[in-house]
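Take a look at the letters that make up each chain.
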Amino acid sequence: MKGRRRSSGSSSRVQFLGSERGRSHQAWYGLLADYYDHLYDPRRVPSAYLFLHDLFRRRGPVTSVLDIACGTFAVDLPLVKRGYEVVGRDLSEPMLRAARRNLREAGRSADVAHGDMRSLRLPRTFDAVLCLGTAFNYLVEPAEVRNTLATARRHLRHGGLLVLDLTNFASFLPNPKNVRAETDYRDPDGTHIAVYAFNDQDRARNVHHSRFITLVRRGNRIRLAFDESPMRIWTKADLAKVLEREGFRPVEWWGRMRLGARYAPRASPRLVSVSRRG
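Attention here is on the structure that accompanies the text.

Rules used throughout
- Residues numbered from 1 in each chain as written.
- Predicted model: local features only at pLDDT ≥ 70, side-chain atom pairs only at ≥ 80, totals over all residues.
- Heavy atoms only, no water.
- Core = buried A, V, L, I, M, F, W, Y, C linked by side-chain atoms within 4.5 Å.
- Buried < 20%, exposed > 50% of the residue type's maximum accessible area, 1.4 Å probe, protein only.
- Helix = DSSP H or I, 4+ residues; strand = E, 2+ residues; numbered from the N terminus.
- Contact = heavy atoms within 4.5 Å.
- Phe/Tyr/Trp six-rings, centres within 6.5 Å; stacked < 30°, edge-to-face > 60°.
- Lys NZ or Arg CZ within 6 Å of the ring centre and 35° of its normal.
- Salt bridge = Lys/Arg side-chain N within 4 Å of Asp/Glu carboxyl O.

Some words on the nonpolar core
Judged by nonpolar contacts, the single largest core of 29 residues is most densely connected at Leu52, Phe56, Val65 and Phe73. Elements supplying a minimum of two residues to this core: helix H2 (44-59), helix H3 (76-82), helix H4 (93-106), strand E5 (126-131), strand E6 (156-167) and strand E13 (270-277). Here this core takes six residues from H2, the largest share from any one element. Beyond its immediate chain neighbours, meaning those up to four positions away, Phe56 contacts Val62, Val65, Leu79, Tyr84, Ala128, Leu130 and Leu161. With 28 residues, the next largest nonpolar core counts Val87, Leu139, Ala240 and Phe248 among its residues.

Encoded structure:
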């Protein structure tokens, strides 16, 4: 009988990170935080900055901004460079570390710290509150939605602006691509990141179950992570109703944070709402 075959000294070491729902989602951000800004369309940040700056000029005055899910601060940093005061809060410490690094490398400073958008309480108000990058979709329970909108209202001056940036499921659901390669990125430092999506929808509950298998390879070390998180499926009509009930008046709708990107339900990749605090 043959003995067990010994692996070569150059074989890869594989580490599996399991899923624990909310914990797995935070672990997923921790795994990708250092590379997160490179995984998506490089036009996203400059387009979002121009969109927000134009919005603030038209609907202002806006000089102070609170981002309640700031992530790596990538979208906020150009606003800081323009002269806006931006305060950032996020649940993910690895993403906040990336945010502080981005600020440091840009030679800028900002108030960036840990905070939960469902319960945040700061001793001041702002001209605008941002909740971008699908963060609002992750609020599945009605109480979470109410609490987050209460946070936004509590931190906005009268007439201030609330900007929500959501996934537009109206364009996704008619022909859902539930199994797909999401990202395949190779960093100059040699790190290879691949993300694969395996999703499904609970139409009765208006919930999209987002599942990712993520591979991160550095040298001969491979980390595999499974992330699972439910997302609320919003329509424009449902979102408008909830905003109005919680004391906001929707004033603009856009198909993404890009100048001139009007909202088209079956074509737009994003659902962006702009509301005034009553």
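From this point on, the discussion continues.
Brief notes about the packing of aromatic side chains
In this structure the tally under the stated criterion is four aromatic pairs. Between the NZ or CZ atom of Arg124 and the centre of the ring of Phe126, over which it lies, the distance is 4.1 Å. Here Arg232 stacks its cationic end above the ring of Trp234, 4.0 Å away from the centre of that ring.

Side note on the pattern of salt bridges
If charged atoms from side chains of opposite charge come close, those side chains can pair. All chains considered together, the criterion is met by 15 salt bridges. For Asp34, the salt bridge identified is with Arg101, shortest N-O distance 3.3 Å. Remark: Arg101 occurs in helix H4 and Asp34 occurs in the loop between helix H1 (22-32) and H2; sequence separation between them is 67 residues. Relative accessible area serves as the criterion here: at 49%, Asp34 is assigned to the partly exposed category. Arg101 sits in the partly exposed class, given a relative accessible area of 21%. The salt bridge involving Arg245 is made with Glu246; its shortest N-O contact spans 3.3 Å. Judged by relative accessible area, which is 56%, Arg245 ranks as exposed.

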